[in-house]
Amino acid sequence: MAHKIKKGGTKQLTPQQAAAKSEEAMIGGIIEGSPDAVGVAVIRLDCGCRKMAAVNRDGEPASKVITYRDEALSVCDQCKADNGAYTRVTEQFIHWHKADLDEAAKAKIIAKVLGSTASH
């Protein structure tokens with residue numbers, strides 16, 4: 001993984017790295033505001049917007065669904081029109097916060113939150 005270097009020796013993040021950093025920051029904020037969270041469901045859409053929500057041990061929502069787009073004041077017009085339709089999902093997963101969940105518990109939560117055909 002190559003890093004771009006600015007003059008003066010400071011690292012400049014590539015657009016993909018910057019997106020990952022902002023996504024991590026958003027996940028951290030959601031977890032911080034959701035004491036019952038065991039993870040955060042992340043749904044990436046083909047337009048670049050993301051939908052996220054904390055989930056608890058029962059696979060129930062532990063926060064509101066947050067939709068955002070990196071470096072934008074609001075989500076795109078398409079998401080405003082269709083609320084991030086499922087047909088536009090490119091990737092979905094759960095970012096686990098609690099390490100004490102076994103694989104069976106994780107699989108149950110994934111199936112409930114993302115569906116039985118979700119990639120994880």
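No experiment lies behind these values; they were computed from the predicted model shown.

### Considering the pattern of salt bridges
If you walk through the whole model with that rule in mind, you get nine salt bridges. One salt bridge connects E23 with R50, and the closest N-O pair in it is separated by 2.4 Å. On the criterion of sequence distance, the pair formed by E23 in helix 1 (residues 15-32) and R50 in strand 4 (residues 49-55) is long-range, its members being 27 residues apart. Like E23, the residue R50 is buried in the burial classification. We note a salt bridge from K106 to E103, for which the minimum N-O separation is 3.9 Å. Within this pair, K106 and its partner E103 are both found in helix 3 (residues 103-114), separated by three residues, close to a single helical turn. According to the relative accessible area criterion, K106 is buried, its value standing at 16%. In this structure E103 comes out as exposed when scored by relative accessible area, which is 59%. In this structure, a network of salt bridges that share partners links the residues E23, R44, R50, D70 and E91.

The rules behind each value
- Residues numbered from 1 in each chain as written.
- Predicted model: local features only at pLDDT ≥ 70, side-chain atom pairs only at ≥ 80, totals over all residues.
- Heavy atoms only, no water.
- Salt bridge = Lys/Arg side-chain N within 4 Å of Asp/Glu carboxyl O.
- Helix = DSSP H or I, 4+ residues; strand = E, 2+ residues; numbered from the N terminus.
- Buried < 20%, exposed > 50% of the residue type's maximum accessible area, 1.4 Å probe, protein only.

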